[in-house]
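Results of the structural survey
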Amino acid sequence: MKTKIINGLKLSAKIREDLKNKVNQLIDKNITPGLAVIIVGNNQASQIYVRNKVKACNEVGISSIEEAYSHDISENELIKNIHRLNVDEKINGILVQLPLPSHIDTSKIIEAIDPKKDVDGFHVINAGLLMTGKPMFLPCTPYGIIKLLESENINIRGSEAVIVGASNIVGKPIAMILLQAGATVTICNSKTKNLKEHTQRADILIVATGKPNIVDGTMIKKGAILIDVGINRDNQNKICGDINFDSVQGIAGAITPVPGGVGPMTIAMLLANTVKSAENKIKI
Ligand code: GUN
């Protein structure tokens, strides 16, 4: 069996092209979707992510502002700035890049964002809406994963879906989305006793741990669909995912590569959520 490589770059480019048209329709109605991206401190990876997000906005016609704050900004000061953006008519989406410095309570900051502008889908209101099957904004990475599965016509209903990693950003929300779509879902975490026992059962295996090689060819079922969310550096400083890519060739049915799989989809779905927020404003 030849393992198919799922091309996230190609699908994300198509989504961004479609979004350009939607943005133009909004601009014709005198509405330019606006995204505010907040970054605190000088985490290098975060700086790269934020730069890419702002650049992607500009390319589809979304107006974006970046607000960078010093690592020692107080929680209250940060919340004040979010409140200002909450009432700014030109801003449809507010994103606070994570992680935040340790003196700041991340959940307090996320809860300060107006849920209608929470394009990351992290606010408890949005997490609750997703949990109860009425999502307003899907978190961007899980949203991107679903789009990838749909584009490959992967059957979710009745499938065994196994997720490795139980974060609020990826693991938990993708579990809810797959459950809603009719999969039988297992969420593994760092305390899971026999990981292989679970991963071998998976028709769809999603790995989001930040640990290179946590899954290899001996741990999967023949024909399994593998979604690799990890972005790591290997011994030669080369970007790699959480799945040992070479070892699953010929066993997996399909796999998302790193880079070029889930990563570009995350950004595309952030843009989609920002456009949706601007559209929601006209509908209300
Ligand atoms: N840090 C890592 N992933 C994300 C994400 O999707 N959104 C935000 N805001 N921060 C992140």
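Residues numbered from 1 in each chain as written. Predicted model: local features only at pLDDT ≥ 70, side-chain atom pairs only at ≥ 80, totals over all residues. Heavy atoms only, no water.

Our working definition: UniProt positions are given in the numbering used here, feature names are shortened, and annotations may be inferred rather than shown by experiment.
If you check an unreviewed UniProt entry, the protein appears there as Bifunctional protein FolD from Candidatus Kinetoplastidibacterium desouzai TCC079E. UniProt, in the comment section headed Pathway (unreviewed entry), describes the protein in these words: "One-carbon metabolism; tetrahydrofolate interconversion."

Focus on the overall build of the protein
Keep this limit in mind: Each helix corresponds to a stretch of at least 4 residues labelled H or I by DSSP, and each strand to a stretch of at least 2 residues labelled E; elements are numbered beginning at the N terminus. Our radius of gyration looks at C-alpha atoms and nothing else; its globule reference is 2.2 Å times the residue count to the power 0.38. Three exposure classes are used, based on accessible area relative to the maximum for each residue type with a 1.4 Å probe and protein chains only: buried under 20%, partly exposed in between, and exposed over 50%. Every residue pair with non-hydrogen atoms within 4.5 Å of one another is taken to be in contact. His residues and chain termini do not enter the charge count, which takes Lys and Arg as positive and Asp and Glu as negative. The atom standing in for a charge is NZ when the residue is Lys, CZ when it is Arg, CG when it is Asp and CD when it is Glu.
Summing up its helical and strand segments, the protein has 9 helices and 11 strands in all. For 284 residues, the compact-globule estimate of 2.2 N^0.38 gives 19 Å, and the protein sits close to it at 19 Å. Overall size of the protein, expressed as C-alpha extent along the three principal axes, is 50 × 40 × 40 Å. Counting over 284 residues, the protein shows a buried share of 50%. Within the protein, contacts between residues separated by at least 24 positions form 69% of all contacts whose residues are at least 6 apart in sequence. Measuring between centres, the 33 positive side-chain charges of the protein sit 4 Å from its 27 negative side-chain charges.

Some details on the nonpolar core
As a reminder of what qualifies: The criterion is simple. A nonpolar core is a set of buried Ala, Val, Leu, Ile, Met, Phe, Trp, Tyr and Cys residues joined through side-chain atoms within 4.5 Å.
Residues Ile145, Leu149, Leu178 and Ile206 are the most contacted members of the largest nonpolar core, which totals 53 residues. When residues of this core are assigned to their parent elements, the largest contribution, 10 residues, is made by helix H9 (residues 262-283). Not counting residues within four places of it along the chain, the set of residues in contact with Ile145 comprises Val170, Ile174, Ile206, Ile227, Val229 and Val262. Formed by 17 residues, the second largest nonpolar core is a distinct cluster that contains Ile38, Val40, Ile73 and Ile91.

Thoughts on the UniProt feature "domain: Tetrahydrofolate dehydrogenase/cyclohydrolase catalytic" (unreviewed entry) in the protein
Mapped onto this structure's residue numbering, the UniProt feature "domain: Tetrahydrofolate dehydrogenase/cyclohydrolase catalytic" (unreviewed entry) falls at residues 6-120. Between the first and last C-alpha atoms of residues 6-120 the distance is 24 Å; the span itself is 50% helix and 16% strand.

Concerning the UniProt feature "domain: Tetrahydrofolate dehydrogenase/cyclohydrolase NAD(P)-binding" (unreviewed entry) in the protein
When the UniProt feature table is mapped onto this chain, "domain: Tetrahydrofolate dehydrogenase/cyclohydrolase NAD(P)-binding" (unreviewed entry) is found at residues 139-281. Helix and strand shares over residues 139-281 are 33% and 17% respectively, and the end C-alpha atoms of the span are 19 Å apart.

Brief notes about the site of the ligand
How we decide: Near, as used in this document, describes a residue that has one of its heavy atoms within 4 Å of the molecule or strand being considered. For this analysis, a polar contact is any N or O atom pair within 3.5 Å, provided that within protein one partner can donate a hydrogen and the other can accept it, and provided that sequence-adjacent residues contribute only side-chain to side-chain pairs. Under the grouping applied here, Gly and all other residues not named as nonpolar or charged are polar, the nonpolar ones being Ala, Val, Leu, Ile, Met, Phe, Trp, Tyr, Cys and Pro and the charged ones Asp, Glu, Lys and Arg.
Lining the immediate surroundings of the ligand are Lys53, Leu95, Val96, Gln97, Leu98, Asp120 and Phe122. Contacts to the ligand include Gln97, whose side-chain N or O atom sits 3.4 Å from a nitrogen atom. Residues of the shell around the ligand, tallied by class, amount to 4 nonpolar, 1 polar and 2 charged.

Considering the side chain of His123
Take His123: it is sitting in the loop between helix H4 (106-112) and helix H5 (124-131). Those residues within four positions of His123 in sequence are excluded, and the remaining contacts are Ile110, Glu111, Ile113, Pro115 and Asp118.

Focus: empty space enclosed by the protein
Convention followed: Two kinds of site are reported from a 1 Å grid over the protein atoms alone, namely cavities, where a 1.4 Å probe fits but cannot get out, and pockets, open sets with protein on both sides within 12 Å along at least five of seven lines, and residues are called lining when an atom falls within 4 Å of a point. Grid points are joined across faces, edges and corners, and a volume is the space filled by probe spheres set on the points.
Taken as a whole and assessed by the stated rule, the structure comprises 1 cavity of 30 Å³ or more. Approximately 40 Å³ is the volume found for the largest cavity. Per-element tally for the lining of the largest cavity: the top contributor is strand S4 (residues 93-96), with 3 residues. By residue class, the composition of the lining of the largest cavity is 6 nonpolar, no polar and 2 charged.

Points about the sheet that holds strand S6 (residues 184-188)
Let me state the cut-off plainly: By this definition, two strands are paired if DSSP reports at least two bridges between them. Only the stretch in contact is used when a helix axis is fitted, and all axes are lines through C-alpha atoms; the angle between N-to-C directions ranges over 0 to 180 degrees.
Strand order in the open sheet formed by 6 strands is S1-S11-S8-S7-S5-S6, and the pairing between neighbours is parallel. Each edge of the open sheet carries a strand with a single partner, namely strand S1 (4-5) and S6. Here strand S7 (residues 204-207) runs beside strand S8 (residues 225-228); their pairing, made up of 4 bridges, is parallel. Paired with Ile206 across the two strands is Ile227, which belongs to S8. Contacts between helix H7 (residues 171-180) and the sheet are confined to strand S5 (160-164), S6 and S7, with S5 contributing the most and set at about 175 degrees to the helix.

Comments concerning the sheet that holds strand S3 (residues 63-69)
Strand order in the open sheet formed by 3 strands is S3-S2-S4, and the pairing between neighbours is parallel. Lying at the two open borders of the sheet, with one neighbouring strand each, are S3 and S4. Sheet twist, expressed as the mean angle between neighbouring strand axes with direction ignored, is 15 degrees. Note: strand S2 (residues 34-40) against S3, 7 bridges, orientation parallel. Within the sheet, the bridge partner assigned to Ala36 lies in S3 and is Ile65. Along the sheet, helix H2 (residues 44-60) makes contact with S2, S3 and S4, crossing S2 at roughly 170 degrees.

Comments concerning the environment of Ile79
Structurally, Ile79 can be placed in helix H3 (residues 75-86). Classification of Ile79 as buried rests on a relative accessible area of 15%. Distance in space between the C-alpha atoms of Ile79 and Ala112 is 6.3 Å, their sequence separation being 33 residues. Leave out the neighbours within four places in its chain, and Ile79 touches Lys108, Ile109 and Ala112.

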